[in-house]
Amino acid sequence: MCGIIAYLGPKDAPSVVLDGLKKLEYRGYDSWGIGCLSKGKILLVKKVGKVGQAKTSDLGLGAAGMAVGHTRWATHGGISEKNAHPHLDCSGKLALVHNGIVENYQELRKRLQAQNHKFVSESDTEVIVHLVENYLNLGLRKAVERAASELKGRSAFVVLDSSGEIAAARTGSPLIVGCGEGEFFIASDIPAFLSHTRKVMYLDDGQMVMIGKAGPQFFDLASGKEAKKRVVEIDWNVEAAEKGDYEHFLIKEIMEQKDTLWQAISQDEAKIAKVAGQIKDAYGTFLVGCGTAGKVCMAGEYFFAKIARKHVNFAVASEFPSYESFLQPRTLMIAVSQSGETADVLEAIAAARKKKARVISLLNVFGSTMMRVSDEVFMVNAGVEKAVVSTKATTAQLSVLLLLAYASAGRLAEGKRLLLDTASAVNDMLNPRYEEHIKRLAERLHQSEHIYIIGRGLNYPIALEAAIKIQETSYIHAEGFAGGELKHGPIALISRGTPCIVMAANDDSFHEIISNAMEVKARGGHIIGISPQNNEVFDYWIKVPDAGNASPIVNIIPVQILAYHLAVIKGLDPDMPRNLAKSVTVK
Ligand code: G6P
C-alpha cells in the first residue's frame, strides 16, 4: 500500500527520495510523485505507473535539500497524476503525502470548499493539506496538530513547508524517522532509507515530529507536550533487502526457506511454554489474521485441534466484529501478521484490548504497530520479505504456531524435533532439479483458465493458501476446497483436462483425499499430486518430504515455486502483482 519517504540534508534530496521510492516499490502501488523545495519554491512531479528505471535527471526538479515522495495505491479517486501525491495547498507553499484513509473527508471537503479552498483532485488526502493551510497562522506545528485532531480513520502524513521545515503526524499508520550524519529521513518503512542509516526513532500513535536543520523534535498530538525519543539501531543489513543473484525477490525468498525455518524455530522455549499455558487457561482463544496470514491462522486451528485437542477459534480479522461479543478479560487473542500493520487485524486487537483480553502477536517486522499494542510478541524471524506474495513469512508463522500447539499438548520437545527435521528436509528439497520439475509443470499449466486445489484436515487451509498464491502471481482463476466438499457443488466445474492439485499428506486423511482425486479424474480432471508417495491417480507427481504434522509447511512450498514460474512464463511481474499491496493499512 502507499509508501512515504522524506529527506532533509546535504545530499540531493530528489535523488535520495527517488531512490527511497524504488526501495518501497515492493509495497504495491499504481502511481507515484515527488515534491521538493528548490530555491524557495515547491516543485512537483507525478506519474502514473511504476518508478522503474526513472532517473533524477528525468524529473526536471533541479537541486534541492528537502523533498518528499510517495507511492500511491488508489483508494479514493482513480489512478491518475491528479490524484497522485504530493498534494498542494491553495498557496502552493505546502506539499503533503499521506497513508491511510480520511474517513470524514466528504464533510471536511465541503467545509473547506465553503471557506474558498480550491480542490483539484478526488483524493481524500487533499483535505489534509487544506486543513493545515487553514491553521497555518498558528505556525506549522500547531497547524498539523489541529489538522490531525480533525481526521477520522487511520492516517500518517508528512508535510513539506516552503519555509524549510518538514512536519509529520501519525494517527494509526506507521512512520519512522531515520537519523544520519546531519541528515534526516521520515518513511513509512525502514528499507526506504536503510542504505543511508540504521539509526531510527519510532513515532508512536498520536505523536508528531518537526524536522528542521537542527534535527527532529517529537510532540504528543493531544497535549502538545514534547515527547522524548530513544535512538534504536536496526540490525538489518542492506543486502538482505536486495535481490542478490536472483532475478526476483519472490524466488529468492522461496529459496531462503532453507534457512528461515531454522530461524523461526529458534524461539525462547520458556516463553513458548508460558504462552502455551495461557492458551490452556484462556476462556476462549481467537486466532486472527488476513489473507495468507488468515490461512495460517486457520491451519493453526487445525494444529491445536489435532495436536493439543484444544479448540481455538479462527476468524478472518475483517469479520472479527461478529465475534466481539465473546471477548472478556480471560479471552486470548493470537494475531498473525507479517507486516504488523494490517488495519483489520489492528481493529480486532483494539476490540480485544478494550475488553482487557490478552493479545499475543506473531510478527515478522520489528518495531511494527502490532508489536506496540500486544502483551507478548513472537518474531517469526523470516527476515525482510519484499515480494508482495508472502512465502517465507508464511512457513515461519506456521512453524511457530505448530510449536505452540505442541507446547500446549505438553510435547514441546517433540514439536521442536519434528520442525528441525522438517527444516532439514526442506533444505534438501529446495534444489535446482526440484525447481526445474515444477517449472515444467508451470509450462503445462500457464494457459489454464482454472486450477483447483484440494486438501483435507491440516492441508485444507493449505489448499486455500495455495489458491491465493496462484491467483496473486498468475491471475489464473484458482480455488481451494476441502476434498470432501467437491461433490457438493464444485465438481460440476471439472471437465476434460481441468488441473486439480491434490495435497495428499501421509496422514489419516490420505485414502480419502485420494478417493476425492479419483472422483475428479473420473470426470476428466488432470491430477497433480503433492505427496511424499506417488499414486496411480496422479498424472504429475511432486514429491515432498514426509513431515507428519508439519505437512502444511512442506506442501505449500512447491505451489509457491509453481506460482512463481507461472508468472514468469506469462511475462508477469512476480514481485509486484497488479492491484495488490504488501502492507494493507486500510480497512
Ligand atoms: C496482503 C499481503 C498478504 C498478507 C495479507 C495480510 O494482502 O499481500 O501476503 O497475507 O496482506 O498481511 P499481514 O501483514 O497482516 O500478514
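Residues numbered from 1 in each chain as written. Predicted model: local features only at pLDDT ≥ 70, side-chain atom pairs only at ≥ 80, totals over all residues. Heavy atoms only, no water.

**Q** Looking at this structure, I do not really get the pattern of salt bridges. What am I missing?
**A** Oppositely charged side chains can pair when the atoms bearing their charge come close. As enumerated under the stated definition, the model contains 24 salt bridges in all. Among the ionic pairs, Arg-358 bridges to Glu-376, the shortest N-O distance being 3.5 Å. Taken as a pair, Arg-358 in strand β19 (residues 358-363) and Glu-376 in strand β20 (residues 376-379) lie far apart in primary sequence, 18 residues in all. Linked by salt bridges that have partners in common, Arg-141, Lys-142 and Glu-145 make up one network. (Salt bridge = Lys/Arg side-chain N within 4 Å of Asp/Glu carboxyl O. Helix = DSSP H or I, 4+ residues; strand = E, 2+ residues; numbered from the N terminus.)

**Q** When you look at the sheet that holds strand β17 (residues 313-316) in this model, what are you seeing that I'm missing?
**A** The strands making up a sheet associate through backbone hydrogen bonding, with each pair oriented either parallel or antiparallel. Across the sheet, which stays open at both edges, the five strands sit in the order β17-β16-β18-β19-β20 with parallel pairing between neighbours. At either end of the open sheet lies a strand with only one pairing partner, and these are β17 and β20. Across this sheet, the average inter-strand angle for adjacent strands is 20°, counted without regard to direction. Relative to the sheet, helix α9 (residues 291-308) contacts β16 (285-289), β17 and β18 (332-337), its axis offset from that of β16 by approximately 155°. (Pairing = 2+ DSSP bridges. Axes fitted to C-alpha atoms, helices over the stretch in contact; angles between N-to-C directions. Contact = heavy atoms within 4.5 Å.)

**Q** What's the story with the layout of surface pockets in this structure? I'm lost.
**A** Over the atoms a probe the size of a water molecule is rolled, and this reveals where empty space is left. What the largest pocket holds in volume is close to 770 Å³. Contributing to the lining of the largest pocket are 40 residues, with Trp-236, Asn-364, Val-365, Gly-383 and Val-384 lying nearest its centre. Broken down by secondary-structure element, the contributors of at least two residues to the lining of the largest pocket are β15 (232-233) and α7 (257-265). Counting residues per element, the lining of the largest pocket draws most heavily on α7, which supplies three residues. Per-class residue counts for the lining of the largest pocket are 15 nonpolar, 14 polar and eleven charged. Taken as a whole, the second largest pocket holds about 580 Å³ of empty space. (1 Å grid on protein atoms, 1.4 Å probe; cavity = no way out; pocket = protein on both sides within 12 Å on 5 of 7 lines; lining within 4 Å. Points joined across faces, edges and corners; volume = space filled by probe spheres on them. Nonpolar A, V, L, I, M, F, W, Y, C, P; charged D, E, K, R; others polar.)

**Q** Could you clarify how one ought to interpret the domain arrangement of the protein in this entry?
**A** Many analyses report the size of an interface as the accessible area lost when the parts associate. Domain annotation for the protein reports domain 1 (3-240), domain 2 (243-430) and domain 3 (431-587). Summarising the inter-unit geometry, the C-alpha centres of domain 1 and domain 2 are found 32 Å apart. Taken together, the contact pairs 13 residues of domain 1 with 14 residues of domain 2. Between domain 1 and domain 2 lies a buried interface of about 1,200 Å² when both sides are counted; carbon and sulfur atoms form 52% of it. In this structure, the connection of domain 1 to domain 2 is made through two salt bridges. Between Glu-347 and Arg-154 there is a salt bridge; the shortest N-O distance is 3.3 Å. Inspection of the domain 1/domain 2 interface yields four residue pairs in polar contact (both at pLDDT 80 or more). Across the side of domain 1 that touches domain 2, the residue classes break down as six nonpolar, one polar and six charged. (Domains from an automatic or database assignment. Buried area = accessible area lost by both parts, 1.4 Å probe. Polar contact = N/O pair within 3.5 Å; in protein donor to acceptor, adjacent residues only side chain to side chain.)

**Q** Sorry if this is basic, but what is going on with the site of the ligand here?
**A** Near the ligand there are 13 residues, and of these Thr-292, Ser-337, Gln-338, Ser-339 and Thr-342 occur at the shortest range. Note that an oxygen atom of the ligand is positioned 2.8 Å from one of the backbone N or O atoms of Gln-338. Within the side chain of Thr-342, one N or O atom sits 2.4 Å away from an oxygen atom of the ligand. Against a free-state accessible area of 380 Å², the protein chains account for coverage of 92% of the ligand. The cavity that encloses the ligand is the second largest pocket. In terms of residues, the shell around the ligand owes the most to one element, α9, which gives three residues. Class assignment for the residues of the shell around the ligand results in five nonpolar, seven polar and one charged. (Near = heavy atom within 4 Å. Areas by Shrake-Rupley, 256 points an atom, 1.4 Å probe, with all protein chains shown as cover. Sits in = over half its atoms within 2 Å of the grid points.)

**Q** Would you mind showing me how to read helix α14 (residues 432-445) here?
**A** The periodicity of an α-helix, 3.6 residues per turn, causes residues three or four places apart in sequence to face the same way. Between its terminal C-alpha atoms α14 stretches 20 Å, which fits the 20 Å expected from 14 residues at 1.5 Å a residue. Looking only at α14, the buried set comprises Tyr-434, Glu-435, Ile-438, Leu-441, Ala-442 and Leu-445. Down the axis, α14 shows its buried residues gathered within 115° of arc, on one side only. Looking at α14, the residues exposed on the side facing more than 90 degrees away from the buried face are Pro-432, Arg-433 and Arg-444. The residue sitting at the N-terminus of α14 and contributing the capping side-chain oxygen is Asn-431; that oxygen lies 3.1 Å from the backbone nitrogen of Arg-433. (Expected span 1.5 Å × (residues − 1). Buried < 20%, exposed > 50% of the residue type's maximum accessible area, 1.4 Å probe, protein only. Arc of directions from axis to C-beta.)

**Q** I keep staring at helix α13 (residues 412-429) and nothing clicks. Help me out?
**A** When the terminal C-alpha atoms of α13 are compared, their 25 Å separation across 18 residues agrees well with the 26 Å that a helix rising 1.5 Å per residue should span. Where α13 is concerned, the buried positions are Leu-412, Gly-415, Leu-418, Leu-419, Thr-422, Ala-423, Val-426 and Met-429. Across the axial projection of α13, the buried residues extend over an arc of 140°, all falling on one side. In α13, those exposed residues whose orientation departs by more than 90 degrees from the buried face are Ala-413 and Asp-428. Residues of α13 that are buried make contact with α7, α8 (269-281), α12 (392-408), α14 and α17 (551-569).

**Q** Explanation requested: the nonpolar core in the structure shown.
**A** Soluble globular proteins tend to bury their nonpolar side chains together. One finds Leu-402, Ile-453, Ile-470 and Leu-562 to be the most contacted residues of the largest nonpolar core, which totals 87 residues. No other element matches the eleven residues that α12 contributes to this core. Per-domain counts for this core show at least three residues from each of domain 2 (243-430) and domain 3 (431-587). Ignoring anything within four residues of it in the chain, the contact list for Leu-402 reads Phe-303, Ile-307, Leu-418, Leu-419, Asn-549, Ala-550 and Ile-553. One finds Val-45, Ala-192, Val-200 and Met-576 within the second-largest nonpolar core, a separate group that totals 33 residues. (Core = buried A, V, L, I, M, F, W, Y, C linked by side-chain atoms within 4.5 Å.)

**Q** Hey, could you run me through empty space enclosed by the protein in this one?
**A** All chains considered together, the criterion is met by three cavities of 30 Å³ or more. By volume, the largest cavity is sized at about 60 Å³. Taken together, Cys-2, Arg-72, Trp-73, Thr-75, His-76, His-85, His-98, Gly-100, Ser-123, Asp-124 and Thr-125 form the lining of the largest cavity. When its residues are assigned to classes, the lining of the largest cavity shows two nonpolar, seven polar and two charged.

**Q** How should I be thinking about the packing of aromatic side chains in this particular structure?
**A** Aromatic ring pairs are defined here through the distance separating the ring centres and the angle between the ring planes. Applying the stated criterion across every chain yields a total of seven aromatic pairs. Chaining the aromatic ring pairs together yields one cluster made of Tyr-7, Phe-185 and Phe-193. In this structure, Arg-146 is placed above the aromatic ring of Tyr-135, and the distance from its NZ or CZ to the ring centre is 4.4 Å. Across from the ring centre of Phe-218, 5.5 Å away, lies the NZ or CZ of Lys-229, which sits over that ring. (Phe/Tyr/Trp six-rings, centres within 6.5 Å; stacked < 30°, edge-to-face > 60°. Lys NZ or Arg CZ within 6 Å of the ring centre and 35° of its normal.)

**Q** Looking at this structure, how should I read the packing of α12 against α13?
**A** Orientation of α12 relative to α13, taken along the N-to-C sense of each, is 150°, at an axis distance of 7 Å. Viewed along their axes, α12 and α13 adopt a mutual orientation that is roughly antiparallel. The way α12 lies across α13 gives a crossing that is right-handed. Contacts between α12 and α13 involve Ser-399, Leu-402, Leu-403, Tyr-406 and Ala-407 from the first element and Leu-412, Glu-414, Gly-415, Lys-416, Leu-418 and Leu-419 from the second. Of the residues assigned to the contact of α12 with α13, the class counts are seven nonpolar, two polar and two charged. (Parallel < 35°, antiparallel > 145°, perpendicular 65-115°, else oblique. Left-handed = near helix turned anticlockwise from the far one by under 90°.)

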